[in-house]
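Residue-level structure breakdown
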2 protein chains.
Amino acid sequence: MTPTLDDIEAAARRLDGIAVRTTLLSSPALDAVTDGHIRLKCETLQRTGSFKFRGAYNAVSSLTPEQGRNGVVATSSGNHAQGVAAAASILGYRSTIVMPADAPKLKIEGTRRLGGDIILYDRANEDRDAIAANIIARTGGVLIHPFNDRNVIAGQGTVGLEISADCEATGFSVEAVLVPCSGGGFSSGVNLAMTARGTGARTYVVEPAGFDDYGRSLAAGSPQRNPALSGSICDALLAPTPGAISFEINNRLGAGALTVTDREVLEAMAFAFRTLKLVVEPGGAVALAALLSGRFDARGRNVVVVLSGGNVDPAMMMTALASPPSGLGV
Amino acid sequence: MTPTLDDIEAAARRLDGIAVRTTLLSSPALDAVTDGHIRLKCETLQRTGSFKFRGAYNAVSSLTPEQGRNGVVATSSGNHAQGVAAAASILGYRSTIVMPADAPKLKIEGTRRLGGDIILYDRANEDRDAIAANIIARTGGVLIHPFNDRNVIAGQGTVGLEISADCEATGFSVEAVLVPCSGGGFSSGVNLAMTARGTGARTYVVEPAGFDDYGRSLAAGSPQRNPALSGSICDALLAPTPGAISFEINNRLGAGALTVTDREVLEAMAFAFRTLKLVVEPGGAVALAALLSGRFDARGRNVVVVLSGGNVDPAMMMTALASPPSGLGV
């Protein structure tokens, strides 16, 4: 079940020429504000606007034509949705995506435009897994899980390979990598790749306050659950409990954990817009928020911060920009 | 007066480790929409949010301590302003910047935060050059012209060196490069560098409709003027006539010219936000607008598009995002 470095390297070969090889950006303004040496891994610039395309494409392209014959099925608030829809379209399969009705409009429209058949459900009163199971029973489609899947984790892990390669190529001795975290598929893939590559960096999962199941699970040494299913602006980071595969990896490799408030997330989004000139969605900005809020002390350190997604509705960005600049520099 | 490749290479050495070496991004969505092979040179990610830092730093760092003793002076609606203020601060000089009172707030605040002393003037009733001349007469400061300056053009030309190097490294045989244009310092520097490097690419200047003095000048073979001094959302691209040095270069090297409407610029800004996840200001988006509007036909061609700046007020971005998505893809 657990992916290996070989799986991640195989994923990198599958994604070569299909996914965008995103670069590590640096920003003198960000270094000045944090008094650290920061590199930004901008998965906002990835196909479909988030890292999710990597895992989705790796998983869908691993299917035999026979397996994919009846299409693929996914549950997602929008980034995995777009990743799976795009991957299925590229590979010539049908996709059915179960999405909450309150998902950001941009994500629903994007999924549709990428060729996904969308089933909307009521987050408060319906069980998305049951809906997906029904679809699969009826159609014979294959479920592509958003995080608890060996091939999905291996695909996300290619981000770790790229970070490791770029740090080595530029002589950047990375000490920590901060990764937005929901079910942990992304952070565990990155952790696995960077550990296997011997970077010596510690991986930190970053979660919204109140949805810190992953951090509490790491502290307890066993999976914990969030008390609520909604209530943060970070729509992409609301998985109720860590995925079993990702938790085994992150627990074994000693991942750290950080939480940030919605207010800190909005300030990070505004900083990204005003100063970095990057569009980042709430869930994609939590690692940057941990850095800018000082919850992660980067002073004098070499840190990679992952911006994991940029699929944000204009109204949410306006909420972030409505506050006056926080004086975090230009 | 006219810079040479040697000047541009010297500028690159001065800027090494000071300016951000911005990368060439690719976007499968953009390639799909244009049916071309597009690379984006994102000077939005440059220090101070625009390419202007390059020329400003190269010019200011070329001063002897004696020359810089009384500070530097610049006139600018905001990007050259921030570039000069940042360069002067880094090098330990004072800077005085003459800016129109209706400049974007983000640019005025940014210039102040970067250490510039700001003199606001009324675009309709005051002459900024006279104000700057007065300051220089009083203080003994040195004028850093926004475009008609050998060192400024050489600094901007480093963008052309980077494009050439990255295209060569990735086997991208670039046929055309589209550059936003006001006084022509940027486009002429890029043209000079890419021609000297033997890329074989043609440089196109891109201007807002009604402010196409540069294109008309190239067509006439002699400098023409704009009828108006204001009236486009592209606040950065309102220079009344081509700079003498830049015009000699672009005319000699056979630059092409394109114009775009404000409506096309807003659509390009919205596409950049929604699909590319990049924040681009109006003047910075004209080359992308020429591409997306079809005014430049990229079908089957290898094209580099320069995003020259990202210093946009939230309200202007909201104007761009207020229209429904134009169906330009995800």
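For the structure itself, consult the block above.
Residues numbered from 1 in each chain as written. Chains lettered and ligands numbered in written order. Predicted model: local features only at pLDDT ≥ 70, side-chain atom pairs only at ≥ 80, totals over all residues. Heavy atoms only, no water.

Some points on the overall build of chain A
Summing up its helical and strand segments, chain A has 14 helices and ten strands in all. Taken over C-alpha atoms, the radius of gyration comes to 18 Å for chain A, in line with the 20 Å a tight globule of 330 residues would show. Across its three principal directions, the C-alpha atoms of chain A cover 55 × 45 × 40 Å. Per-residue burial over chain A gives 61% buried out of 330 residues. At a minimum sequence separation of 6, the contacts of chain A that also span at least 24 residues come to 75%. About 11500 Å² of surface is accessible on chain A, with carbon and sulfur atoms providing 49% of the total. Both charge centroids of chain A, one from 29 positive and one from 31 negative side chains, sit 2 Å from each other. (Helix = DSSP H or I, 4+ residues; strand = E, 2+ residues; numbered from the N terminus. Rg over C-alpha atoms; globule rule 2.2 N^0.38 Å. Buried < 20%, exposed > 50% of the residue type's maximum accessible area, 1.4 Å probe, protein only. Contact = heavy atoms within 4.5 Å. Areas by Shrake-Rupley, 256 points an atom, 1.4 Å probe, with all protein chains shown as cover. Lys, Arg positive; Asp, Glu negative; His and termini not counted. Charge placed at Lys NZ, Arg CZ, Asp CG, Glu CD.)

Topic: the state of the cysteines
Throughout the structure, instances matching the rule amount to zero disulfides over all chains. Note on C234 of chain A: no disulfide assigned, nearest cysteine sulfur contributed by C181 of chain A at a separation of 12 Å. The class of C234 of chain A is buried, set by a relative accessible area of 0%. Free of any disulfide, C42 of chain B has its nearest neighbouring cysteine sulfur in C42 of chain A, separated by 10 Å. Owing to a relative accessible area of 1%, C42 of chain B belongs among the buried residues under this scheme. (Disulfide = S-S within 2.5 Å.)

Topic: the pattern of salt bridges
Scanning all chains against the criterion turns up 32 salt bridges over all chains. With a shortest N-O distance of 3.1 Å, D166 of chain A and R21 of chain A are connected by a salt bridge. With a gap of 145 residues between them, D166 of chain A in helix α8 (residues 150-169) and R21 of chain A in the loop between α1 (5-15) and β1 (24-25) connect regions that are remote in the sequence. Exposure remark for D166 of chain A: the relative accessible area of 18% places this residue in the buried category. Residue R21 of chain A is classed as partly exposed on the basis of its relative accessible area of 43%. When the shortest N-O distance is used, the salt bridge between K41 of chain B and E162 of chain B registers 2.7 Å. (Salt bridge = Lys/Arg side-chain N within 4 Å of Asp/Glu carboxyl O.)

Topic: helix α11 (residues 244-252) of chain B
All names here are of chain B. Of the residues making up α11, those classed as buried are I245, S246, F247, I249 and N250. Where the residues of α11 are buried, they touch α8 (150-169), α9 (185-196), β8 (202-208) and α10 (213-220). After α11 finishes, the residue G254 shows a positive phi value of roughly 70°.

Details of the interface of chain A and chain B
The partner chain B presents 32 residues to the 32 residues of chain A that form the contact. Here chain A and chain B share an interface that buries about 2600 Å² over both sides, 75% of which is from carbon and sulfur atoms. Counting across the interface, chain A meets chain B through seven residue pairs in polar contact (both at pLDDT 80 or more). Looking at the side of chain A that touches chain B, the elements with two or more residues in it are α6 (105-113), α12 (262-276) and α14 (314-322) of chain A. (Buried area = accessible area lost by both parts, 1.4 Å probe. Polar contact = N/O pair within 3.5 Å; in protein donor to acceptor, adjacent residues only side chain to side chain.)

Points about α9 of chain B
All names here are of chain B. Compared with the 16 Å implied by 1.5 Å per residue over twelve residues, the 17 Å span of α9 between its first and last C-alpha is a close match. Among the twelve residues of α9, ten are classified as buried, and the element is accordingly described as predominantly covered. Listing the buried residues of α9 in full gives G185, F186, S187, S188, G189, V190, N191, L192, A193 and M194. Looking at the buried positions of α9, the neighbouring elements they touch are α1 (5-15), α8, β7 (176-180), β8, α11 and β10 (302-307). (Expected span 1.5 Å × (residues − 1).)

Thoughts on the pairing of strand β5 (residues 117-121) of chain A
All names here are of chain A. For strand β4 (residues 95-100) and β5, the ladder comprises five bridges, and the chain directions are parallel. Residue V98 lies in a different strand from β5, and its bridge partner there is I119. For the handedness criterion, the β-α-β arrangement of β4, α6 and β5 is classed as right-handed. (Pairing = 2+ DSSP bridges. Right-handed = clockwise from strand over helix to strand, strands pointing away.)

Here we look at the packing of aromatic side chains
All names here are of chain A. What the rule picks out here adds up to eight aromatic pairs over all chains. A centroid spacing of 5.6 Å and a plane angle of 35° characterise the contact between F53 and Y57, whose relative ring orientation is tilted. Pair noted here: F53 and Y57 are both in helix α3 (residues 52-61), with a separation of four residues, about one helical turn. For the residue pair F53 and Y57, the accessibility class agrees, reading buried in each case. For the pair Y204 and F296, a centre-to-centre distance of 5.2 Å together with 75° between the ring planes defines the contact as edge-to-face. With Y204 in strand β8 (residues 202-208) and F296 in the loop between α13 (286-292) and β10 (302-307), this pair connects stretches of sequence that are 92 residues apart. Taken individually, Y204 and F296 each receive the classification buried, so the pair is uniform in this respect. (Phe/Tyr/Trp six-rings, centres within 6.5 Å; stacked < 30°, edge-to-face > 60°.)

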